[in-house]
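Inside the fold
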Amino acid sequence: MAAVEAVIEERMASATRSIPQTADYLVAAGGKRIRPLITVTAARMLGYEGDGHVSLAAAVEYIHSATLLHDDVVDESELRRGKAPANTVWGNAHSVLVGDFLFARSFMMMVDAGSMDALHVLSRAASVIAEGEVRQLAAVRNIDISRDEYMSIIDAKTAALFSAAAQVAPILHGSDKAVEDGLETYGRELGLAFQLVDDALDYGGMAAELGKNTGDDFREGKITLPVALAMERANARERAFWKRVISDGEQTDADFDEALAILKKHGALDATLEAARTHAANAVNALKIAPQNEWTEALAALPEFVVERAY
């Protein structure tokens with residue numbers, strides 16, 4: 001990971017001074033680096049002896065950071081990793097263009113790894129993520145989004161990059177297709193668990209640990225799994241409440257507490273976390289096809305870490 005961090009820092013260089021300033025503002029702010037961590041750990045697990053995994057891990061983090069820059073513009077977020085998002089410092093247009101710069105640099109790093117198959121997997125993931133973000137944007141303030149539709153959206157916008165981050169390691173190593181498929185499943189299931197925990201945490205009062213405001217999804221009119229589940233079980237009064245605060249965007253200071261009460265009444269948060277646990281268990285189970293060593297144990301511990309953030 002130290003080598004990955006060095007590549008991340010090196011590839012931010014640009015003669016246009018504001019580009020590395022903006023990129024560094026977000027990327028160097030840290031985050032958990034879970035996605036590149038998956039890539040380098042999977043490579044170690046498989047016994048890969050080259051250094052292509054370092055370039056691909058850095059590319060994964062660049063793709064993730066680019067999507068965050070674009071997301072903050074779309075969402076008009078007030079907080080990212082504990083501080084003001086880049087678009088509130090440099091403006092929306094600048095943030096979008098720096099996000100484009102990071103995407104372009106990520107593709108350069110994919111090429112450096114020397115694997116057309118890995119390039120295909122990560123470039124496809126970038127496309128799927130963009131599609132997922134557009135679908136989520138179209139779903140904002142639509143209280144008729146079903147649980148299945150929502151899961152399809154997060155499979156694209158979140159799980160796709162986790163999946164690709166895991167899949168590129170066996171591609172570089174030359175592992176057989178069964179191992180590649182197992183790691184692809186591991187990443188996807190871990191990504192779904194990660195997003196569902198985030199959904200629950202937005203209503204769970206642990207924003208200080210996440211660096212985001214509790215209730216952001218609610219205020220932005222996003223339909224996440226807790227809301228979709230509550231809508232399935234809503235009575236007429238509750239449906240009218242969700243229509244007013246989500247579809248119509250008419251919210252008072254007391255409405256977030258009312259939303260939380262409804263979610264708890266129907267067990268929507270518990271059900272969301274139970275779904276996250278199921279996906280985490282699926283991720284661990286997918287590792288059975290891989291070599292069993294200390295690196296496999298590390299990958300198996302990651303889903304538990306992801307879910308335990310909720311507690």
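Our structure is the block above this text.
Bear in mind the structure is a predicted one, so any value in this text is a computation, not a measurement. (Residues numbered from 1 in each chain as written. Predicted model: local features only at pLDDT ≥ 70, side-chain atom pairs only at ≥ 80, totals over all residues. Heavy atoms only, no water.)

Turning our eyes to something else, we now look at the pattern of salt bridges. On inspection of all chains with the given rule, the structure shows 16 salt bridges. Notably, a salt bridge pairs D216 with R219, separated by 3.4 Å at the nearest N-O pair. Of this pair, D216 and R219 are both found in helix α11 (residues 216-219), 3 residues apart, which corresponds to roughly one turn of the helix. With a relative accessible area of 11%, D216 lands in the buried category. Judged by its relative accessible area of 42%, R219 falls in the partly exposed class. Here the salt bridges share partners, and the residues they tie into one network are E5, R33 and E61. (Salt bridge = Lys/Arg side-chain N within 4 Å of Asp/Glu carboxyl O. Helix = DSSP H or I, 4+ residues; strand = E, 2+ residues; numbered from the N terminus. Buried < 20%, exposed > 50% of the residue type's maximum accessible area, 1.4 Å probe, protein only.)

A separate point is the packing of helix α3 (residues 34-46) against helix α4 (residues 52-75). The interhelical angle for the contact between α3 and α4, taken along N-to-C directions, is 160°, at an axis separation of 8 Å. As the angle between them shows, α3 and α4 are arranged roughly antiparallel. With respect to the hand of their crossing, α3 and α4 are arranged in right-handed fashion. Between α3 and α4, the contacting residues are R35, P36, T39, V40 and A43 on the first element and H53, L56, A57, V60, E61 and H64 on the second. (Axes fitted to C-alpha atoms, helices over the stretch in contact; angles between N-to-C directions. Parallel < 35°, antiparallel > 145°, perpendicular 65-115°, else oblique. Left-handed = near helix turned anticlockwise from the far one by under 90°. Contact = heavy atoms within 4.5 Å.)

Another aspect to go through is helix α13 (residues 236-247). Buried residues of α13: E238, F241, W242, V245 and I246, and no others. Viewed along the axis of α13, the buried residues span an arc of 100°, placing them on a single side of the element. Those residues of α13 that are exposed and aimed more than 90 degrees away from the buried face are A236 and R237. Where α13 is buried, its residues touch α11, α12 (225-232) and α14 (255-265). (Arc of directions from axis to C-beta.)

A word on the environment of L56. Looking at where L56 falls in the secondary structure, it is placed in helix α4. The exposure class of L56 is buried, given its relative accessible area of 0%. Separated by 20 residues in the primary sequence, L56 and P36 place their C-alpha atoms 7.9 Å from one another. With residues up to four places along the chain from it excluded, the contact list for L56 reads T39, M110, A113, A118, L122, V168 and L172.

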